[in-house]
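Listed below are the residues making up each chain.
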Amino acid sequence: MEIVKIKIDNLINKRQLAIQMFGIVAAGIIGLIFMPISVKSVLFLIAGIYTAFILINNYIILDKLIDNNIKSLEVNK
């Protein structure tokens, strides 16, 4: 039972890190919008949008894992 609690804490920490990184990437994307348009800025914008998508997807997956682990912990009680 203690192992499941440690896994849940670890997943919560990863979820918080994913949402913090998303905030940083989103701020970078907004900053790139105000830059003069060049090939380099468009490439960085595309890379930033892709990274933001990956981080949000990671956040959703981690949230589902946390819910599943909590449900299994409740069932075992």
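Above this text sits the structure in question.
The shown structure was predicted, so the numbers you read here are calculated from the model rather than taken from an experiment. (Residues numbered from 1 in each chain as written. Predicted model: local features only at pLDDT ≥ 70, side-chain atom pairs only at ≥ 80, totals over all residues. Heavy atoms only, no water.)

**Brief notes about the pattern of salt bridges**
Stage number 1. This model, assessed by the stated rule, comprises one salt bridge.
Stage number 2. Close ionic contact of D63 with R15 constitutes a salt bridge, the shortest N to O distance being 2.8 Å. Of the two residues, D63 is situated in helix α2 (residues 39-76) and R15 in helix α1 (residues 2-33); the sequence distance between them amounts to 48 residues.
Stage number 3. Using a relative accessible area of 25% as the deciding quantity, one classes D63 as partly exposed. (Salt bridge = Lys/Arg side-chain N within 4 Å of Asp/Glu carboxyl O. Helix = DSSP H or I, 4+ residues; strand = E, 2+ residues; numbered from the N terminus. Buried < 20%, exposed > 50% of the residue type's maximum accessible area, 1.4 Å probe, protein only.)

**Quick look at the environment of S41**
Stage number 1. Locating S41 in the fold gives a position in helix α2.
Stage number 2. Classification of S41 as buried rests on a relative accessible area of 11%.
Stage number 3. With 35 residues separating them along the chain, S41 and N76 place their C-alpha atoms 52 Å apart.

**Brief notes about the environment of N57**
Stage number 1. Looking at the element boundaries, N57 is found in helix α2.
Stage number 2. Separated by 39 residues in the primary sequence, N57 and A18 have C-alpha atoms spaced 9.4 Å apart.

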